[in-house]
Amino acid sequence: MIRKLKDIKIYGLIFTIISAVFILVLSTPFFSEPRLQPFLFDAGVACLGSMICAALFYGCMKQEGDGARPFRILILLLSACFVVNEGLHFTAGVPELGAICFICCLLSKLIDLVMIYFFYRYVKDTLGFEGKLAKIAEKVVPVLFAVQTLVMLANIFYPVTFSITPEGMYQDTSIYLIEEVFLVVTFVLTAVMVFMSHNPLNQKAAVLTFIFLPIIEYVFLGGNFGEASQYGVILVAMIIMYCVIFNDKSRKLAATQTELDMATQIQTSMLPSIFPAFPHRPEFDIHASMDPAKEVGGDFYDFFMIDDDHLGMVIADVSGKGIPAALFMMSSKILINDHALMGGTPADILHRVNKQVYANNDAEMFVTVWLGILEISTGKLTSASAGHEYPMINTDGKYEILKDKHGLAVGAMPMAKYKNTEITLKKGDSIFVYTDGVAEATDANQELFGTDRTLDALNGVGDGASQKEVLTSVRAAVDDFVKEAPQFDDLTMLGLKYFGPDNVKTDEASGD
């Protein structure tokens, strides 16, 4: 029934409000009974606590930080504890309600166990315990939780730790302290791991309030107000713990975001971004774009003049995402550029780059590359592919897939071989190269955009469109297809249209 986060918000809010109303309703009959006046303070504290829980729960549902989900569960469990314990108080001493008293009591104890277990998980996940003790705790705590649960459930058949007398009163057995084994062991292990962790002192102190504040409250007040005040103190401890840890995590996330933004700027600055790229060369029109799936990505493109008559073009896709892929991308881009300027065919260049990348590839990453060199004066385009997507070429007024010769991705094998593919572009011919983020863009139904839709988008552009308009049209088609679905892969495109040397103006050609 609860399938979405917004559903949990609604049901959680309803649950906590109903719990408060339930307590108020139960309290009403006792307002005129002097012998039951001691319950009223407990009921008031529990009622106030439930209302606070409702407000806190609703507020915390808006937070999406490290450990937020366990905190929400703790809020729910604490709300449940209020309801169950008040039910226990109001039924105790009424023989006719002995069965209800037993059920409330058992539920309260089971909820306490779950709350303690989730507290341990929350602290472990947010503070990140490591070492031998953490490994021991990871095995011991779940086992103890299971054993303690079985002990509690055994009270259904035999009074192991408690019973309800014929008069309807709660009574401990002689071995009732075994109920505290799980609590003591979990809290001691958690406290020791907190002290041993390398987290900031304020985080350690915040976590320990959940353990020590109830103890301090009990010592000072002597348990005069029953368990209701204990839950109130636990609630305060949870607020302190969550606020301190979440705020500290938020500051770290903000610092990380600043670093990612800087990395994005560095990466973007390494790619050609000024268009038109070669305004003094009317023989061709070239445009490229990259939209990373994360702040920084592993795709890249490049184009550069090797000499006055040769244009180099590169598009590539690094395995992986994020900072590691971006670093690998930068080094690969520099190597390809340097080796292209040294001379040779695209196959020769990829062969040299592959050997150098593989020799220093401790991270075992690789990059698919399409490298093309256009001879501007003749239109001859020589290309080589290191496992990259097939280019799409328009030589007769319609884009089609060009099945060029493929080699292994750069960095995958030390002795990979690459082959050249040669075609001759005529005036008005175009070529479109891209990374798999285009064809593999996925909609909400997990359907791929695909190469057919890519071709349709390309062929839907008018003949006189610039390459910028061509790329914009393809991106618009992708966006229209995926709609609100998230972008899972970098999306990079490069387009070139060849006009030929005849397009050079007469006065430029004559040197006037």
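Describing the nonpolar core
The biggest cluster of nonpolar side chains holds 51 residues, and the ones touching the most others in it are Ile286, Leu311, Met313, Val369, Val410, Leu494 and Leu496. At seven residues, the largest contribution of residues to this core is made by helix 9 (residues 322-342). Not counting chain neighbours up to four residues away, the residues in contact with Val410 comprise Leu350, Val353, Asn354, Val357, Phe366, Val367, Val369, Ala386 and Tyr418. Membership of the second largest hydrophobic core comes to 48 residues, among which are Leu110, Ile111, Phe162 and Val207.

Observations concerning helix 4 (residues 98-127)
One turn of an α-helix holds 3.6 residues; hence residues three or four places apart share an orientation. For helix 4, built from 30 residues, the straight-helix expectation of 44 Å at 1.5 Å per residue is met to within 8% by its first-to-last C-alpha distance of 43 Å. Looking one or two residues beyond helix 4, the residue adopting positive phi is Gly128, at roughly 65 degrees.

Looking at the state of the cysteines
One pass over the structure, following the stated rule, counts zero disulfides. Its sulfur unpaired, Cys101 is 6.3 Å from the next cysteine sulfur, which belongs to Cys105. Sulfur of Cys104: no disulfide; nearest cysteine sulfur belongs to Cys101 and is 7.0 Å away.

A word on the pattern of salt bridges
One pass over the full model with this rule turns up ten salt bridges. Among the salt bridges present, the one from Glu138 reaches Arg121, with a minimum N-O distance of 2.9 Å. With a gap of 17 residues between them, Glu138 in helix 5 (residues 132-154) and Arg121 in helix 4 connect regions that are remote in the sequence. The partner of Arg281 in a salt bridge is Glu283, with the nearest N and O atoms 3.1 Å apart. With relative accessibility at 11%, the residue Arg281 sits in the buried group. Counted as one network, the salt bridges with shared partners bring together Arg121, Lys124 and Glu138.

A few points about the sheet that holds strand 3 (residues 284-291)
Adjacent strands of a sheet form backbone hydrogen bonds with each other and so pair up, either parallel or antiparallel. Here we have five strands laid out as an open sheet, ordered 3-13-12-8-9, and antiparallel in their pairing. Both outer strands of the open sheet, strand 3 and strand 9 (399-401), are each paired with one neighbouring strand and no more. Direction aside, the axes of adjacent strands within the sheet are offset by 15 degrees on average. The pairing of strand 8 (residues 392-394) with strand 9 spans three bridges and is antiparallel. Residue pairing for strand 9: Met392 is matched across the bridge by Ile401. On the sheet, helix 12 (residues 450-459) packs against strand 8, strand 9 and strand 12 (430-434) and is oriented at approximately 155 degrees with respect to strand 9. Contacts from helix 13 (residues 467-482) reach strand 3, strand 9, strand 12 and strand 13 (491-498), with the element oriented near 145 degrees to strand 13.

Brief notes about helix 12
Inspection of helix 12 places Gly450, Thr454, Leu455, Ala457 and Leu458 among the buried residues, and these make up the whole buried set. Looking at the buried side of helix 12, the elements it contacts are strand 8, strand 9, strand 12, helix 11 (436-439) and helix 13.

Description of the confidence of the model for the protein
A residue-level look at the protein finds 76% of positions with pLDDT of 70 or above and a mean pLDDT of 81. This stretch, residues 1-5, has a pLDDT under 50; its non-local contacts, to residues over four places away or in other chains, come to eight contacts. Counting interchain partners and residues more than four positions distant, the pLDDT-below-50 stretch residues 506-512 has three contacts.

Thoughts on the pairing of strand 6 (residues 367-375)
In summary, the side chains of a regular strand alternate between the two faces of the sheet. In terms of burial, strand 6 is a largely internal element, eight of the nine residues being buried. By the bridge criterion, nine bridges tie strand 5 (residues 310-318) to strand 6 in an arrangement that is antiparallel. Pairing of His310 across the sheet is with Glu375, part of strand 6. In this structure, strand 6 lies alongside strand 7 (residues 380-386), joined through six bridges in antiparallel fashion. Within strand 7, the position partnered with Ile373 by the bridge is Thr382. Taking the residues between adjacent antiparallel strands as the criterion, strand 6 and strand 7 are bridged by four residues, where Gly379 takes a positive phi near 85 degrees.

Regarding the side chain of Thr421
Within the secondary structure layout, Thr421 lies in strand 11 (residues 421-424). On the basis of relative accessibility, which here comes to 12%, the residue Thr421 falls in the buried class. Among the polar contacts made by the side chain of Thr421, one reaches the main-chain amide nitrogen of Lys405 at a distance of 3.2 Å. Setting aside anything within four residues of it in sequence, one finds Thr421 in contact with Leu381, Thr382, Ser383, Asp404 and Lys405.

So, a nonpolar patch on the surface
Together, Leu150, Leu153, Ile156, Phe157 and Tyr158 line one region of the surface with nonpolar side chains, adding up to about 610 Å² of accessible area. With respect to the helices, strands and loops of the structure, Leu150 is situated in helix 5.

Thoughts on the packing of aromatic side chains
One pass over the full model with this rule turns up 15 aromatic pairs. Between Phe119 and Phe210, the ring centres sit 4.1 Å apart and the planes meet at 15 degrees, which makes this aromatic pair stacked. With Phe119 in helix 4 and Phe210 in helix 7 (residues 201-221), the pair connects residues that are 91 residues apart, well separated along the chain. Look at Phe119 and you get buried, because its relative accessible area is 0%. Judged by relative accessible area, which is 3%, Phe210 ranks as buried. On the basis of an interplanar angle of 50 degrees and a centroid distance of 6.0 Å, the ring pair of Phe275 and Phe303 is categorised as tilted. Of this pair, Phe275 sits in the loop between helix 8 (226-270) and strand 3 while Phe303 is found in strand 4 (residues 299-307), placing the two residues 28 residues apart along the sequence. Classification of Phe275 by relative accessible area gives partly exposed; the value is 27%. The exposure class assigned to Phe303 is buried, which follows from its relative accessible area of 6%. Here the aromatic cluster, defined as three or more aromatic residues joined through ring pairs, consists of Tyr117, Phe118, Tyr120, Phe145 and Phe182.

Quick notes on the rules
Residues numbered from 1 in each chain as written. Predicted model: local features only at pLDDT ≥ 70, side-chain atom pairs only at ≥ 80, totals over all residues. Heavy atoms only, no water. Core = buried A, V, L, I, M, F, W, Y, C linked by side-chain atoms within 4.5 Å. Buried < 20%, exposed > 50% of the residue type's maximum accessible area, 1.4 Å probe, protein only. Helix = DSSP H or I, 4+ residues; strand = E, 2+ residues; numbered from the N terminus. Contact = heavy atoms within 4.5 Å. Expected span 1.5 Å × (residues − 1). Disulfide = S-S within 2.5 Å. Salt bridge = Lys/Arg side-chain N within 4 Å of Asp/Glu carboxyl O. Pairing = 2+ DSSP bridges. Axes fitted to C-alpha atoms, helices over the stretch in contact; angles between N-to-C directions. pLDDT = per-residue confidence, 0-100. Polar contact = N/O pair within 3.5 Å; in protein donor to acceptor, adjacent residues only side chain to side chain. Patch = residues over 30% accessible without salt bridge, like charges linked within 9 Å, V, L, I, M, F, W, Y side chains within 5 Å. Areas by Shrake-Rupley, 256 points an atom, 1.4 Å probe, with all protein chains shown as cover. Phe/Tyr/Trp six-rings, centres within 6.5 Å; stacked < 30°, edge-to-face > 60°.

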